[in-house]
Each structure stands twice: as C-alpha cells, then as structure tokens.
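Descriptive structure summary
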Amino acid sequence: EPEVTQTPSHQVTQMGQEVILRCVPISNHLYFYWYRQILGQKVEFLVSFYNNEISEKSEIFDDQFSVERPDGSNFTLKIRSTKLEDSAMYFCARRDRGHTDTQYFGPGTRLTVL
Amino acid sequence: QQQVKQSPQSLIVQKGGISIINCAYENTAFDYFPWYQQFPGKGPALLIAIRPDVSEKKEGRFTISFNKSAKQFSLHIMDSQPGDSATYFCAALRMDSSYKLIFGSGTRLLVRP
C-alpha cells in the first residue's frame, strides 16, 4: 500500500524552540493532511493542504503552526514556539487524486517538548 | 455536531470470538465512514470503509454495519485473532469539507489466545 514517509521519527526539543516535521510523499500527490495524536487520545485533524495552499484548518492550528511545500516535494509542518502541550504524535496523510476518499497515513513523528 | 462517539473504550475477546465496536454521529452531512486500525508506534491504517447508501460491507473477517436512521455504525471482527489486537478508530468525513477525518476516541482491542 502506497504511503508517505515522515522524518524524523522522534524529535525532542526544549519549550519555546521551533521544530519542523517533514512528510515525503512517494509520488506526486496534491492532497495532504496533518493530524495530531496526544498519547492515549484520539487522532485530531490539524490542517489540510491542496495544490500548495491551506484548504482548511482546525482550531488547534493557531498562529504558531504553519505548513508549506518548499521544494514541491517535501511537505512540512512548522511549530514556531513549542509548548509542553504540543507533545504528541504528528501524522501526515495523503489522499489520491480524483474521487477517492481514502487517506493513507505515514508512520508519524513523535514530538517530545521538555 | 462534528463529534463521532465510539464505544467501548476497551474490549477483551477470546480467540475465535466476535469483536464488536460501535460508533455514533450527529452530523448527517457526513458521507464516508472508514475504520482505521493502529498498532503501537504506527500510523492509522485503513481497514474498511462504507458510504451511507449501503447498510453493510464485508471484507474478509471484517464487516461494517451501517444504520443511517439511527446514525450509528459498527465494526464486527469475526473469528478474532491475537494479531487483531490493536486500537481501532472509527471516523467520518464530509466530502465538501476538504475530506478531513473526524475520529472517534478509539477502542483498544485485546484478543486472548
């Protein structure tokens, strides 16, 4: 099953630092999503990204978050000034072109904010 | 309105038994209902999905039952195996809302040998 890859697998950072999480699609997909899962909790939608623009974002996705596709390949999530409560698994997902509803998730990046 | 409620929180089943996980939703605009399986340290993986114009969908040992009038859907795992031990999430999405997934709270399934 085609997937995306994510780097790093685990990121440890100090509170207030900036982190960049990366998602690398296997092929040239247009639709990307970032989700967050705090330990032991449900998966929560953060943002959707279509054709190099944000198409929708959740209340969680405040001014400290940003997404971009800087080189037309990698898809990044930046957290400008991390807080303790940002500690979570962050999943990138992609959706195929056309009318396919399926989203394929990457393995995730575990972010630990100290 | 955007919530998907899932139960039970955890489930223990003997090998060979039937595992049943239930979900309910409020928003009638949802038009696609997938189930995801997640193993520890991994991302959610699509297991099976259904559209609201179908009342049941079966793939191998996994079946979704969908009750549109009650706004409920459930996952049945027949002949449950220890390898099915994982966390299961129901989800829903609206095609007119960027296809973002709204997840239930998850059910941790343990299948005893």
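See the structure printed just above.
Residues numbered from 1 in each chain as written. Chains lettered and ligands numbered in written order. Predicted model: local features only at pLDDT ≥ 70, side-chain atom pairs only at ≥ 80, totals over all residues. Heavy atoms only, no water.

In this section: the overall build of chain B. Broken down by element type, chain B carries zero helices and eleven strands. The order of helices and strands in chain B, counted from the N terminus, is β-β-β-β-β-β-β-β-β-β-β. Whereas a compact globule of 113 residues would reach a radius of gyration of roughly 13 Å, chain B reaches 13 Å, a difference of no more than 12%. Along the first, second and third principal axes, the C-alpha set of chain B runs to 45 × 30 × 20 Å. Classification of the 113 residues of chain B by burial places 48% in the buried group. Within chain B, contacts between residues at least 6 apart in sequence are counted, and of these 54% link residues at least 24 apart. (Helix = DSSP H or I, 4+ residues; strand = E, 2+ residues; numbered from the N terminus. Rg over C-alpha atoms; globule rule 2.2 N^0.38 Å. Buried < 20%, exposed > 50% of the residue type's maximum accessible area, 1.4 Å probe, protein only. Contact = heavy atoms within 4.5 Å.)

Turning to the sheet that holds strand S8 (residues 75–79) of chain A, a few remarks are in order. Two modes of strand pairing occur in sheets, parallel and antiparallel, and in both the strands are linked by backbone hydrogen bonds. Residues and elements named next belong to chain A. What the four strands build is an open sheet, ordered S1-S3-S8-S7; its pairing is antiparallel. This sheet does not close on itself; its edge strands, each paired only once, are strand S1 (4–7) and strand S7 (65–68). Strand-to-strand, the axes of this sheet are offset by a mean angle of 20°, without reference to chain direction. The sheet contact formed by S1 and strand S3 (residues 19–25) spans four bridges and is antiparallel. Bridge pairing links threonine 7 to arginine 22 in S3. (Pairing = 2+ DSSP bridges. Axes fitted to C-alpha atoms, helices over the stretch in contact; angles between N-to-C directions.)

In this complex, chain A contributes 20 residues to the contact, which on the side of chain B involves 20 residues. Interface area, chain A with chain B, both sides summed: about 1700 Å², of which 52% is carbon and sulfur. By the criterion of area lost to chain B, the three top residues of chain A are A:Lys42, A:Asp101 and A:Phe105, representing 32% of everything that side buries. The tally of links from chain A across to chain B stands at one salt bridge. Between B:Lys100 and A:Glu56 there is a salt bridge; the shortest N-O distance is 2.4 Å. Taken together, the links from chain A to chain B amount to eight residue pairs in polar contact (both at pLDDT 80 or more). Elements represented by at least two residues in the side of chain A that touches chain B include exactly strand S4 (31–37), strand S5 (43–50), strand S6 (53–57), strand S9 (88–95) and strand S10 (103–105) of chain A. Here the side of chain A that touches chain B is composed, by residue class, of seven nonpolar, nine polar and four charged. (Buried area = accessible area lost by both parts, 1.4 Å probe. Salt bridge = Lys/Arg side-chain N within 4 Å of Asp/Glu carboxyl O. Polar contact = N/O pair within 3.5 Å; in protein donor to acceptor, adjacent residues only side chain to side chain. Nonpolar A, V, L, I, M, F, W, Y, C, P; charged D, E, K, R; others polar.)

As far as function goes, none of this settles anything; it's purely spatial.
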